[in-house]
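Inside the fold
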Amino acid sequence: MEGFTPVGIIPPDYECQVCKQVMLEPVILPECGHTYCKSCATRVTNTGPKHCPNCRTPIKSAMITNFTVKTLVLKIRATCNRCQTVEELESLLIHRCPEEELNCSNNGCNEKYKRKDKRAHTDVCQYEIIKCHQCHEDTTGAEKEVHLTQQCKEGRINCPLMCRMRPKRKELQMHISACKERQRECDVPGCHFWGSSMSMEEHRRQRAEKHVSLLLDEREQLHDALFTHDKNYSTRTAETVGSFSWTVDAFKERAAQQGSKNPMTSEEFEIDGKTLEDGALREIKTDMQAIPPTEVGSMFPENFH
């Protein structure tokens, strides 16, 4: 009965005849009826010849708990060897002795403490799991300082651009993108000034006249570029017209009616790479996608086929 000392004399029937200790878990050997503590009975029946240590009767059946003896044993009064508490064994067996030495359960901590000192140890244990008071994530006492100064998402830090604001660590990138001290380029084309938002406002006030001049220059450049583009487009359009043949029915009669001073104009048509037959139009050969009404001018029979 390790850890406890019985008060008074223990009846012989409560003691195991093998180990001479109080039987906390008494069992009966069915073949002979003798009672032993469970650990001794198990050891005897599992090693060597299986027989009763007292009467040598062969043991073939499973042992049975002796509930009568167990009930009587649990009523014995005893003293806790650590805290000197005196109670019945039934209570002492579940007794949480304040003087009992325990190993710290925190991973990495090898300290030992008495049960009564657990709270004091927990408060100083560097391996105790704690909740960060800001982000509520798990950390340890040893890592608490590092967590707060370098990792905690809810922790506030100084702006690296020195704007005197203290954004939360999780909002730092968003803050930097809008920070007044963030350097940026003037958005006026041709102006290469770089500065913070505050200095940019001052720059715009001081350089307003220059900005107007730059914007006018930009306008002229855009105008020239647009004009050049239109000119090039017209040239490319003319180059893609190519050549085509136009056969006109009753050309002589129509030419006589039109007269030499009145131009003859074709009807509007589209070209999609195949021969079209539409009124007077019989054959067209060209790479154009579309041709507007075409003014032919003064034409004579010998110029067409």
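Presented here is a report on the structure given in the accompanying data block. (Residues numbered from 1 in each chain as written. Predicted model: local features only at pLDDT ≥ 70, side-chain atom pairs only at ≥ 80, totals over all residues. Heavy atoms only, no water.)

Regarding the sheet that holds strand E3 (residues 35–37)
The antiparallel open sheet is built from three strands, whose spatial order is E3-E2-E4. The sheet is open, and its two borders are formed by E3 and strand E4 (64–65), each paired with just one other strand. Relative to E3, strand E2 (residues 26–28) runs antiparallel, the two sharing three bridges. Within the sheet, the bridge partner assigned to Ile28 lies in E3 and is Thr35. (Pairing = 2+ DSSP bridges. Helix = DSSP H or I, 4+ residues; strand = E, 2+ residues; numbered from the N terminus.)

Quick notes on the environment of Arg96
Relative to the helices and strands, Arg96 is located in the loop between helix H3 (89–92) and strand E7 (101–103). Sequence separation between Arg96 and Lys116 is 20 residues, and the spatial gap between their C-alpha atoms is 9.7 Å.

Here we look at helix H7 (residues 197–206)
When H7 is considered as a whole, its buried residues turn out to be Ser197, Met200 and His203. Considered in projection along H7, the buried side chains sweep an arc of 105 degrees and stay on one side of the axis. Away from its buried face by more than 90 degrees, H7 exposes Met198, Arg205 and Gln206. (Buried < 20%, exposed > 50% of the residue type's maximum accessible area, 1.4 Å probe, protein only. Arc of directions from axis to C-beta.)

Comments concerning the environment of Gln183
Within the element layout of this structure, Gln183 appears in the loop between helix H6 (172–178) and strand E11 (184–185). Taking C-alpha positions, Gln183 is 9.2 Å from Met200, a pair spaced 17 residues apart along the chain. Gln183 has contacts with Trp194, Gly195 and Ser196, leaving out every residue within four places of it along the chain. (Contact = heavy atoms within 4.5 Å.)

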